[in-house]
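# Fold and geometry: a report
Chain residues, written in single-letter form:
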Amino acid sequence: MKSKHARATDTLAEGQKKDARCLSCHAPDQVEQTLTAVTCETCHGGGQYYSPSYVMKDPELARLVGLVDPSEKQCRTCHDASSPSLRPFDFKEALKAIDHWSAERARKQQTRADAAPSTPAPATAKK
Ligand code: HEC
Ligand code: HEC
Ligand code: HEC
């Protein structure tokens, strides 16, 4: 909720909040669904089935019921030459800036490692 995407409407001045030329990127679903800013669904698709947190915590299940991984092309529908940035859009760097998945994935991997039966590691792996 603190991300720039979530607050992309706050950036706009009062009059601009109703200006379709700005909303197309700053709040793409405002006209049809009265949703402000760039939301989860802007990037991940309609969330009616994946939004419960127990579903989102399960990457396979979430994708099975509709969670989409946004592609670079999808980012570029808004991050294009007409958006006000001095630096060209660098997909890899931009992903790092909006990362909301790595911490959870690392935590899960750790949980899996802890749960794995402890077999003695082969000598070659001990370094
Ligand atoms: C629907 C349009 C839209 C899409 C799609 C979109 N963005 Fe954005 N993005 C914006 C807008 C608008 C801002 C500026 C928000 C503001 O400050 O008002 C922004 C800001 C950003 C910023 C700078 C703010 C920050 O958190 O550091 C990054 C990085 C970023 N977007 C990355 C991405 C990536 C990566 C994708 C694709 C996975 C993406 N965006 C898809 C509209 C979009
Ligand atoms: C083609 C998509 C697009 C349109 C249309 C668009 N913006 Fe943006 N806007 C962006 C993106 C993407 C960013 C973030 C750029 C970045 O940080 O890389 C942004 C950033 C901004 C920022 C700077 C936010 C900050 O925190 O520095 C302002 C202000 C802004 N837009 C105002 C507007 C206004 C006003 C309009 C309508 C006249 C508009 N934008 C139309 C995509 C768009
Ligand atoms: C600007 C686009 C954008 C927005 C907005 C966005 N996400 Fe994401 N999200 C991504 C990207 C990119 C990934 C990483 C996908 C990958 O690594 O394949 C991701 C990953 C995730 C994952 C991880 C799935 C897994 O594999 O573990 C979840 C869950 C998720 N997002 C939920 C949300 C929620 C909830 C919101 C709204 C609060 C949200 N996202 C907003 C782009 C976005």
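Reading the values: the criteria
- Residues numbered from 1 in each chain as written.
- Chains lettered and ligands numbered in written order.
- Predicted model: local features only at pLDDT ≥ 70, side-chain atom pairs only at ≥ 80, totals over all residues.
- Heavy atoms only, no water.
- Near = heavy atom within 4 Å.
- Polar contact = N/O pair within 3.5 Å; in protein donor to acceptor, adjacent residues only side chain to side chain.
- Nonpolar A, V, L, I, M, F, W, Y, C, P; charged D, E, K, R; others polar.
- Helix = DSSP H or I, 4+ residues; strand = E, 2+ residues; numbered from the N terminus.
- Buried < 20%, exposed > 50% of the residue type's maximum accessible area, 1.4 Å probe, protein only.
- Donors = N, O, S within 2.8 Å, 3.2 Å for Na, K, Ca; no water.
- Tetrahedral: all angles 85-135°; square planar, octahedral: opposite > 155°, others 65-115°.

The next subject is the site of ligand 2. Close contacts around ligand 2 come from 16 residues, with Gln-16, Arg-21, Cys-22, Cys-25 and His-26 the closest. Separating an oxygen atom of ligand 2 from a side-chain N or O atom of Ser-85 is a distance of 3.4 Å. The residue makeup of the shell around ligand 2, split by class, is five nonpolar, eight polar and three charged.

Moving on: unusual backbone geometry. Not every positive phi belongs to a glycine, and Thr-34 is a case in point at roughly 50°. Note on placement: Thr-34 falls in the loop between helix H2 (30-33) and helix H3 (40-44). Even without glycine at this site, Ala-37 takes up a positive phi of about 65°. Of the residues examined, Ala-37 reaches a relative accessible area of 4% and is grouped as buried.

Another aspect to go through is the site of ligand 3. Taken together, 15 residues form the shell around ligand 3, and within it Cys-40, Cys-43, His-44, His-100 and Arg-105 come nearest. Contact distances for ligand 3 include 3.0 Å between an oxygen atom and a side-chain N or O atom of Arg-63. Looking at the shell around ligand 3, the elements that each hand over two or more residues are H3 and helix H5 (59-64). Counting residues per element, the shell around ligand 3 draws most heavily on H3, which supplies three residues. Split into classes, the residues belonging to the shell around ligand 3 amount to eight nonpolar, four polar and three charged.

Glancing now at the coordination of the iron atom of ligand 3. The protein atoms that coordinate the iron atom of ligand 3 are His-44 (NE2) and His-100 (NE2), at distances of 2.0 Å. Each of the six donor atoms bound to the iron atom of ligand 3 contributes to angles spanning 86 to 179°, and the resulting shape is octahedral. One end of the pair, His-44, is in helix H3; the other, His-100, is in the loop between helix H7 (91-97) and helix H8 (102-115), and 56 residues separate them in sequence.

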